[in-house]
4 protein chains.
Amino acid sequence: MAMSESRENAPRRRQQRGIETQSALLEAAGRVFSRMEYDKAKLKDISDDAGISLGSLYFHFGNKDDVAAAVLDAQQERMTEVLSSVVETEGSSLGRLLDLLDGVAELISADALVQAGIRLVGSLPDELKDRGYGFYEEWQRVAETLIREGLEDGSVTTARQTPAELAELVNELFVGAQVLAGMKDGWQTLPERIRRIRPVLESVLAPSSAA
Amino acid sequence: MAMSESRENAPRRRQQRGIETQSALLEAAGRVFSRMEYDKAKLKDISDDAGISLGSLYFHFGNKDDVAAAVLDAQQERMTEVLSSVVETEGSSLGRLLDLLDGVAELISADALVQAGIRLVGSLPDELKDRGYGFYEEWQRVAETLIREGLEDGSVTTARQTPAELAELVNELFVGAQVLAGMKDGWQTLPERIRRIRPVLESVLAPSSAA
Amino acid sequence: MAMSESRENAPRRRQQRGIETQSALLEAAGRVFSRMEYDKAKLKDISDDAGISLGSLYFHFGNKDDVAAAVLDAQQERMTEVLSSVVETEGSSLGRLLDLLDGVAELISADALVQAGIRLVGSLPDELKDRGYGFYEEWQRVAETLIREGLEDGSVTTARQTPAELAELVNELFVGAQVLAGMKDGWQTLPERIRRIRPVLESVLAPSSAA
Amino acid sequence: MAMSESRENAPRRRQQRGIETQSALLEAAGRVFSRMEYDKAKLKDISDDAGISLGSLYFHFGNKDDVAAAVLDAQQERMTEVLSSVVETEGSSLGRLLDLLDGVAELISADALVQAGIRLVGSLPDELKDRGYGFYEEWQRVAETLIREGLEDGSVTTARQTPAELAELVNELFVGAQVLAGMKDGWQTLPERIRRIRPVLESVLAPSSAA
DNA sequence: AATGAATGAGCTTTCATTCAT
DNA sequence: AATGAATGAAAGCTCATTCAT
């Protein structure tokens, strides 16, 4: 069966092989960048981790920055995926917002490539910094939208801060938990930290229901 | 005795000059490390910034890691100074805790060496990581103590979380604000962010008084 | 099978080029180390002498010590070659022992890499010292064996010292001649010196025949 | 008593102090150079070993080469001392020659500064090399003289080599023993080695008496 | 005489990137 | 597509030497 495919699919197979190599390199990059700073990570480390030649890495990614950029892209893709899937869930806006935190925390604690993306944001050449920071802003916009919807559907009841301020607060808490979890145990306990934060956010965003 | 003094002073005078050089180098290191990652920062950058020879830098600090360690030590010293001075203030425990956040935020936004220390914690050789993280733990203990005292003096009234959990929460919020401020504008707006957080913490730690 | 060969040969062809480079570097290292002390010799000197980039030298040898180790290995290989070829010769044991001295003297006086090895033994980081000294011991064992055999085949007749002591004596004489020749004229006259030693050794090892 | 000397002797005392410092530095240099190669030995090692400032070392010796030269001079002085004292002894010329070897071996095995001198000869900047090698030649002339005298007084009886050749042989044997002892155990067993050589030399230089 | 401090040239080593096959 | 080999521009660090006191 493999033989019968050979003629026509040869080019496609070759393409296929290339894609596999590229993705193997990407995962390896995730593993390496999640373990060390951008500058400490050598491209040789990545190609070794993938068991693929350094030359090949350069064939698939132009240079070191491009490798980092690809990791960042993949990270944001995976985070956006969680974001979309949770946002489209049934339930109150507040519930979805809190579920979102849980979902992202879970993703971070489980996916080395996502962890790599997080580390990279903190130790990146200036040109790439914005790309990383941009995501925090996007994420904050999503939070703000959900809070606004919560005010409408009644799941958010506080009136003492603007939705933007509340979103910023949510963001700060999440980032703080994420940073401390990253420093302490490589994000293993991040989901737990987020779970402990949940009632606090509920009491802040919906103080009446907590009474 | 005048003669004997001249002998004893001789070495002391030398040390004096050395101390000045060393502290000039330390400030320069603060400036440089606050501008760039550990790996991107070259020791030549530091010695140039201080207007002192590279060899002299190596005379006073043994190697690059030691320079970073000295910056971390200086940072923690300065932060501990604020911490002590605020904690010994008059006023309720909760008030002092919140003033503490303000004080530290102010320090961070104003002192390049302290900013450098913060950056370094995130991008440091593994051997130095603990030293940096240790401070977060110490700081959290202080917060916990103040919360405990607050429960006694009545300034903290919540009973829904343990003091340890509340301290963790305060820590996460502060760290989150600090990280986002650092990314966004080099900590310029950190004090403002902390001011916005204040009422939230009051409502969480003393919900009754907020009613 | 023609196809499959092309695949297998590809890497082999590459290796070929690498091997040539490596051996060119090794010879250059021999030339340089035979001219100057280990510490005085700069790796740049070696790569320049070989007309190959410094980076390439580091590609093939990990660091300076490894270069020296490779030189030592090559030296010992060449000396062992002489040793084996002479030992397997026809003739009396004593004759072969003395021929051995001649052969090694000849090699030393002609081969820069071997001279380099000798120099290195005297000025080497401690980790490599043993490797150098080990050879002297091995060589002494060979001498001892030949002397033992000489006692059996009658070419060695003295009974006043043990074979081990006699071997030590031979070794000391050879080393002394080699060191002095090295100091005086870069080993040019070593073969001559060894030739002058020959009758002495004969009279010591076979006193009767000398009478 | 110290006080009563103070006025007039002040300058002399100062001189005295300088001499002590200088000799302390020289001994320290001996210790350091006997442990490591010229290039590996740092002047800081020497001044530290002496417990005297680096600046002071530069005051007493102009530069690194001068320190080495001073060590070499001191070594040769001490060796010459042994040489003179043994040569002026009663006894046959051959006996004095062999005693000389013993004496020098004893000195080498006991005196770090002398060991340092020996090491230095093998790892020295070219300008100083001759000074080191010169001593071997001088020493060989002494041996030759003694052998000549031995031929006259009857203690040396061989006629198969010229006195010069015999002296060379003695030198080679001694140097070989010394080099191997240095490599093996830091010259601890050199006297023993020389003792083992003694009968051999007797049989070579005075074959009849050995019969 | 003596010392702590300062200097800078020089060396080893690393590593992103390119090349040849 | 893939690979081993090659390159060279830094960067960290050392250390002989000099300086100021």
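None of these values were measured; they are calculated from a predicted model.

Enquirer: For this particular structure, what's the right way to read the relation of the copies chain A and chain B?
Expert: Here the two chain copies are tied together by a rotation about an axis and a shift along that axis. Note on the copies: chain A fits chain B at an RMSD of 0.2 Å, the axial shift is 0.1 Å, and the rotation between them is 179°. Overall, the copies show the geometry of a two-fold rotation axis. No C-alpha of chain A approaches the rotation axis more nearly than that of Gly176(A), which lies at 1.9 Å. A share of 100% of the interface residues of chain A reappears at the interface of chain B, consistent with the copies meeting face to face through the same patch.

Enquirer: Looking at this structure, how should I read the interface of chain A and chain B?
Expert: Buried accessible area, meaning the area lost when the parts come together, often serves as the stated size of an interface. With 34 residues of chain A at the contact, the number on the chain B side is 35 residues. A buried area of about 3,000 Å², summed over both sides, lies between chain A and chain B, and 60% of it is on carbon and sulfur atoms. The interface formed by chain A and chain B holds nine salt bridges in total. A salt bridge links Lys40(A) to Asp39(B), with the nearest nitrogen and oxygen atoms 3.1 Å apart. Linking chain A with chain B are six residue pairs in polar contact (both at pLDDT 80 or more). Partitioned by chemical class, the residues of the side of chain A that touches chain B number 15 nonpolar, six polar and 13 charged.

Enquirer: Help me understand a negative patch on the surface, please; the structure alone is not making it clear to me.
Expert: Residues and elements named next belong to chain A. The grouping of Asp126, Glu127, Asp130 and Glu137 at the surface amounts to a negative patch. You can see Glu137 is positioned in helix α7 (residues 126-153). Among the residues examined, Glu137 registers a relative accessible area of 33% and is labelled partly exposed.

Enquirer: Looking at this structure, how should I read the UniProt feature "domain: HTH tetR-type" (unreviewed entry) in chain A?
Expert: Taking the UniProt record as the reference, the feature "domain: HTH tetR-type" (unreviewed entry) is found at residues 19-79 of chain A. Counted over residues 19-79 of chain A, helix gives 79% and strand 0%. Its end C-alpha atoms are 22 Å apart.

Enquirer: Please explain the arrangement of the chains as it appears in this structure.
Expert: At no point do chain A and chain C touch; the closest pair of C-alpha atoms across them sits 13 Å apart. One finds no contact between chain B and chain D; the C-alpha atoms of the two approach each other to within 13 Å at their closest.

Enquirer: Just to check I follow, could you spell out the interface of chain D and chain C for this structure?
Expert: Each side of the interface is counted separately: chain D has 34 residues, and chain C has 35 residues. For the pair chain D and chain C, the two sides together bury roughly 3,000 Å², of which 60% comes from carbon and sulfur. The interface formed by chain D and chain C includes ten salt bridges. For Glu172(D), the salt bridge goes to Arg193(C), with nearest N and O atoms at 2.9 Å. Across the chain D-chain C interface, the total number found is six residue pairs in polar contact (both at pLDDT 80 or more). Mapped by element, the contributors of at least two residues to the side of chain D that touches chain C are α6 (112-122), α7 (126-153), α8 (163-185) and α9 (190-205) of chain D. Sort the elements by how many residues they give to the side of chain D that touches chain C and α8(D) lands first, with 13 residues.

Criteria and thresholds
Residues numbered from 1 in each chain as written. Chains lettered and ligands numbered in written order. Predicted model: local features only at pLDDT ≥ 70, side-chain atom pairs only at ≥ 80, totals over all residues. Heavy atoms only, no water. Least-squares fit on C-alpha atoms with pLDDT ≥ 70 in both. Contact = heavy atoms within 4.5 Å. Buried area = accessible area lost by both parts, 1.4 Å probe. Salt bridge = Lys/Arg side-chain N within 4 Å of Asp/Glu carboxyl O. Polar contact = N/O pair within 3.5 Å; in protein donor to acceptor, adjacent residues only side chain to side chain. Nonpolar A, V, L, I, M, F, W, Y, C, P; charged D, E, K, R; others polar. Patch = residues over 30% accessible without salt bridge, like charges linked within 9 Å, V, L, I, M, F, W, Y side chains within 5 Å. Areas by Shrake-Rupley, 256 points an atom, 1.4 Å probe, with all protein chains shown as cover. Lys, Arg positive; Asp, Glu negative; His and termini not counted. Charge placed at Lys NZ, Arg CZ, Asp CG, Glu CD. Helix = DSSP H or I, 4+ residues; strand = E, 2+ residues; numbered from the N terminus. Buried < 20%, exposed > 50% of the residue type's maximum accessible area, 1.4 Å probe, protein only. UniProt positions renumbered as here; feature names shortened; annotations may be inferred.

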